[in-house]
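Commentary on secondary and tertiary structure
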Amino acid sequence: MNVLPKGVRHLPGFLDRAAQQALVEEIRAVVAAAPLYRPQMPRTGKPFSVRMTNCGDLGWVADRTGYRYQPLHPETGKPWPAIPETLLDLWRGTSAYPHLPEACLVNFYDETARLGLHQDRDEADLDAPVVSVSLGDACLFRIGGPVKGGRTTSLKLVSGDVLVLGGEGRLAFHGVDRLYPGTSALLRKGGRINLTLRRVTRPMAL
Ligand code: MD6
Ligand code: FE
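Residues numbered from 1 in each chain as written. Chains lettered and ligands numbered in written order. Predicted model: local features only at pLDDT ≥ 70, side-chain atom pairs only at ≥ 80, totals over all residues. Heavy atoms only, no water.

1. Topic: the overall build of the protein chain
Counting its regular elements, the protein chain contains two helices and twelve strands. Counted from the first residue to the last, the protein chain has its helices and strands arranged as β-α-β-β-β-α-β-β-β-β-β-β-β-β. Relative to its length of 206 residues, the protein chain is compact, with a C-alpha radius of gyration of 16 Å against a globular reference of 17 Å. Seen along its three principal axes, the alpha-carbon backbone of the protein chain occupies a region of about 45 × 45 × 40 Å. Looking at the 206 residues of the protein chain, the share that counts as buried comes to 50%. (Helix = DSSP H or I, 4+ residues; strand = E, 2+ residues; numbered from the N terminus. Rg over C-alpha atoms; globule rule 2.2 N^0.38 Å. Buried < 20%, exposed > 50% of the residue type's maximum accessible area, 1.4 Å probe, protein only.)

2. Quick word on the environment of Ser134
By the secondary structure assignment, Ser134 is in strand S7 (residues 130–136). Overall, Ser134 belongs to the buried group, its relative accessible area being 2%. In this structure the C-alpha to C-alpha distance between Ser134 and Leu87, which are 47 residues apart in sequence, comes to 12 Å. Dropping the residues within four chain positions of it, Ser134 is found in contact with Leu157, Val158, Ser159, Gly160, Asp161, Arg192, Ile193 and Asn194. Within polar-contact distance, the side chain of Ser134 engages the side chain of Asn194 at 3.5 Å. (Contact = heavy atoms within 4.5 Å. Polar contact = N/O pair within 3.5 Å; in protein donor to acceptor, adjacent residues only side chain to side chain.)

3. Here we look at the state of the cysteines
Across all of its chains, the model carries zero disulfides by this definition. Free of any disulfide, Cys104 has its nearest neighbouring cysteine sulfur in Cys55, separated by 4.1 Å. Of the cysteine sulfurs around Cys139, a residue in no disulfide, the closest is that of Cys104, at 16 Å. Owing to a relative accessible area of 0%, Cys139 belongs among the buried residues under this scheme. (Disulfide = S-S within 2.5 Å.)

4. Details of the packing of aromatic side chains
Overall, the coordinates contain three aromatic pairs when judged by the stated rule. Plain terms: the ring middles of Phe48 and Trp60 are 6.4 Å apart, the flat faces sit at 70° to each other, and that makes the pair edge-to-face. With Phe48 in the loop between helix H1 (17–33) and strand S2 (51–56) and Trp60 in strand S3 (residues 59–63), this residue pair connects regions lying twelve residues apart in the sequence. Like Phe48, the residue Trp60 is buried in the burial classification. Between Trp60 and Tyr67 the ring centres are 5.3 Å apart and the planes differ by 25°, which places this aromatic pair in the stacked class. Using a relative accessible area of 10% as the deciding quantity, one classes Trp60 as buried. Tyr67 sits in the partly exposed class, given a relative accessible area of 38%. The structure contains a cluster of three or more aromatic residues connected by ring pairs, namely Phe48, Trp60 and Tyr67. Positioned above the aromatic ring of Tyr180, the side-chain terminus of Lys156 is 4.2 Å from the ring centre. (Phe/Tyr/Trp six-rings, centres within 6.5 Å; stacked < 30°, edge-to-face > 60°. Lys NZ or Arg CZ within 6 Å of the ring centre and 35° of its normal.)

5. Quick word on the sheet that holds strand S9 (residues 152–157)
The strand order S6-S11-S8-S9 describes an open sheet built from four strands, whose pairing is antiparallel. Bordering the open sheet on either side are strand S6 (115–118) and S9, each of which pairs with just one other strand. For this sheet, the mean inter-axis angle between neighbouring strands, taken without regard to orientation, is 25°. For S6 and strand S11 (residues 174–180), the ladder comprises two bridges, and the chain directions are antiparallel. (Pairing = 2+ DSSP bridges. Axes fitted to C-alpha atoms, helices over the stretch in contact; angles between N-to-C directions.)

Structure, rendered in structure tokens:
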């Protein structure tokens, strides 16, 4: 059996098919306002195979100068659209965190895209979890501990699954090794969408 690192929670089938369909329509509206673009690796400028956009007050971007959160789309120069209320509800229901997310990164994978092992650590608030939602084709997701080069375990993420990285699992290394094309009919042209909800700034004391 694959035992997930402490603080990592996999919620298979969290969203039913109708909820997935409704969410895809909301993401289509986000992408219409804030088109998918292809980020670049810092320094090398190597393009990501995953295309990205964001919604929320802040969005995660990557270019030659580094990784950061910013309020404007790097290509259109416009503010990111708002995070759909459905996703804020999902955060309220899964994060066990008293403040709302400020950023939702939208990742789009075609059948050849993958995402190397990484930590999510560009947020000033590491007390909040990162909550992710998968839509469309299944993928092989790899996750390990907080140290690069340690043991990893792999799991399949399918459409409707939610994954929460919190507590001790917040800084777990993770990545997407491959897609399983044709495993979902949710997206008309196939592919996979992953949404990650993040609190970025440290909230003011209550
Ligand atoms: C993906 N997910 O599933 C990439 N990060 O396409 C992530 O990088 C991720 O699923 C932080 C927390 C949960 C995640
Ligand atoms: Fe990540």
